[in-house]
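Structural characterization, general
Residue strings, one per chain:
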Amino acid sequence: MPKNWIIKVDNYFHANPNCIIATAHVDTFPTNLPLEPNIREPNRKSATYRQIFDSVTTQPEKFFSRHSGIVLSANKIKPSKNKTELELEVLEASEGGSDGIINGGHTVLAFEQAKNYKYDLTQARVKVTIHIGLQEEEAKDIALASNTTTPVDSRSKVNARGDYKFIKQYLAQLERAEDRKFRIAYYQNQSGAPRNAQCNVNHLFKLINCLDRNRYNPDGNKRSKHPTGTNTPSQITDTERERLTLLLPLLPKALWIEQRLYEIIQEHISNPRRKGVNDLASIDTRKSTLLPDSKYSFGFGAPTDLALPIIASYRVFLDQDYNWIIPFDEFAENFLQHLWVNYYRKYLISEKTAGNTVGTKICRNSEIWESLYISAQSYLNQHLVKIVNSSKHEELTLTPS
């Protein structure tokens, strides 16, 4: 026997003779509709389910505008006289029907769970598209198309929420102050933005994370000694935005370190005495690399994280308030040359000799992060000793005999 379900609605209209689109109430939405037309079972452990559940429970009044809606199939639809309800007649599979949820299984599951936890959903609405009298093949075709579209990446979702606004504003100010232009991709398939990974907004977060000497401190008791596997944010909370905002003034220095390292590598592989031989692991001379600053491009391909271990070592020269202990310009170039000649170049050569060429694996080797950090500490101590000795010498010179 066919089963009937009631959907309470604010309004509806006929998109065509066999399709109705309605604004439905979430708090009374039937959660036991069959899933016959759907091509997959909803998974309450999936990110999709968690996002829908969080959306409908935290800001139910905004759920309609943030959700793409539910797609159903029914044998017949009968509106109530006052047009506030739609009665669906659904044929089960045993009756030759293919009615129920075509797309939106995770959504309906989230509604059910929210009701079980007694959330107030009276303000929540959802768009419902109801196809009438579909054949099984037609229903499956819609379900397949609905469930296999390319997913939206987390970066695009963060951008859509406006969470990148603070970094966009900072870069705009930096462009005006320094007469430079940045090419940053904030979302998928962004026109005018390079596909190069170094121009992804997430790369900028990695750069400044490397300079967070408070979060990544090998001398402390924290588990995070080095930012070897820095995760990019899928959601920027107020606390995270506050932390990143404090680090943003360091971004120009991080970009400079990366750019200078690439220039040094370019000089190394272009040396005529090398006769075109590339002895550096993870460097591909058949490709090219673009950096976020539109001035810089290089004739070799490099992993996105290539410069991160180098940049991270510079955090030794920062105090707890992210101020440079000694002026950056006084040590930055010499220190970079020191790291390249004595550590990083030798490390990349040894990895190439050993046959290890996977760039991301090399750049996340904790041993090289530790070596560079220790070297930075030693370099800073030597530099400070020179400053102290110089001050003492000046005092002795100025003191009358």
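Above: the structure in question.
The structure displayed is predicted, hence computed values, not measured ones.

For a regular strand, side-chain orientation follows a simple rule: the groups alternate between the two sheet faces. For strand S3 (residues 70–74), a buried count of five out of five residues is recorded, marking the element as mostly surrounded by other parts of the structure. Across the two faces of S3 the burial is the same, with Ile70, Leu72 and Ala74 and Val71 and Ser73 all buried. One ladder, built from five bridges, connects S3 with strand S7 (residues 125–132); its direction is parallel. The partner of Ser73 across the bridge, within S7, is His131. As judged from the three bridges shared by S3 and strand S6 (residues 100–103), these two strands associate in the antiparallel manner. In the strand pairing of S6, Ser73 is matched with Gly100.

Here we take up the nonpolar core. Among the nonpolar cores identified, the biggest contains 69 residues, and Ile167, Tyr314 and Tyr344 are the most heavily contacted of them. Of all the elements in the fold, those that place two or more residues in this core are helix H6 (165–178), helix H7 (201–209), helix H8 (238–247), helix H9 (251–270), helix H10 (308–313), helix H11 (328–353), helix H12 (359–363) and helix H13 (366–398). No other element matches H11, which puts 10 residues into this core. The residues touching Tyr314, leaving out its near neighbours within four places in the chain, are Leu211, Ile257, Trp324, Phe328, Phe331, Ala332, Phe335 and Leu336.

Before going further, it helps to spend a moment on the packing of H7 against H9. For the pair H7 and H9, interaxial distance at closest approach is 9 Å and the crossing angle is 100°. With respect to their mutual orientation, H7 and H9 come out roughly perpendicular. Along its contact with H7, which presents His203, Leu204, Leu207 and Ile208, the element H9 presents Leu251, Ala254, Leu255 and Glu258. Tallied by class, the residues present in the contact of H7 with H9 amount to six nonpolar, one polar and one charged.

Before going further, it helps to spend a moment on the packing of aromatic side chains. Throughout the structure, instances matching the rule amount to 25 aromatic pairs. Put simply, the rings of Trp256, Tyr314, Phe317, Trp324, Phe328, Phe331, Phe335 and Tyr379 pair up and form one aromatic cluster. Sitting above the plane of the Tyr186 ring, Lys168 keeps its charged end 4.7 Å from the centroid.

All right, on to the sheet that holds strand S1 (residues 3–16) then. Ordered by their spatial adjacency, seven strands build an open sheet running S4-S5-S1-S2-S7-S3-S6, and the pairing between neighbours is mixed. Edge positions in the sheet fall to strand S4 (76–79) and S6, since each of these pairs with one other strand and no more. For this sheet the average axis-to-axis angle between neighbouring strands, irrespective of direction, equals 40°.

By secondary structure assignment, the location of Gln259 is in helix H9. Among the polar contacts listed, one links the side chain of Gln259 to the side chain of Glu263, at a separation of 2.6 Å. Once residues lying within four places of it in the same chain are set aside, the contact partners of Gln259 are Leu291, Tyr296 and Phe298.

Rules of the game
- Residues numbered from 1 in each chain as written.
- Predicted model: local features only at pLDDT ≥ 70, side-chain atom pairs only at ≥ 80, totals over all residues.
- Heavy atoms only, no water.
- Buried < 20%, exposed > 50% of the residue type's maximum accessible area, 1.4 Å probe, protein only.
- Helix = DSSP H or I, 4+ residues; strand = E, 2+ residues; numbered from the N terminus.
- Pairing = 2+ DSSP bridges.
- Core = buried A, V, L, I, M, F, W, Y, C linked by side-chain atoms within 4.5 Å.
- Contact = heavy atoms within 4.5 Å.
- Axes fitted to C-alpha atoms, helices over the stretch in contact; angles between N-to-C directions.
- Parallel < 35°, antiparallel > 145°, perpendicular 65-115°, else oblique.
- Nonpolar A, V, L, I, M, F, W, Y, C, P; charged D, E, K, R; others polar.
- Phe/Tyr/Trp six-rings, centres within 6.5 Å; stacked < 30°, edge-to-face > 60°.
- Lys NZ or Arg CZ within 6 Å of the ring centre and 35° of its normal.
- Polar contact = N/O pair within 3.5 Å; in protein donor to acceptor, adjacent residues only side chain to side chain.

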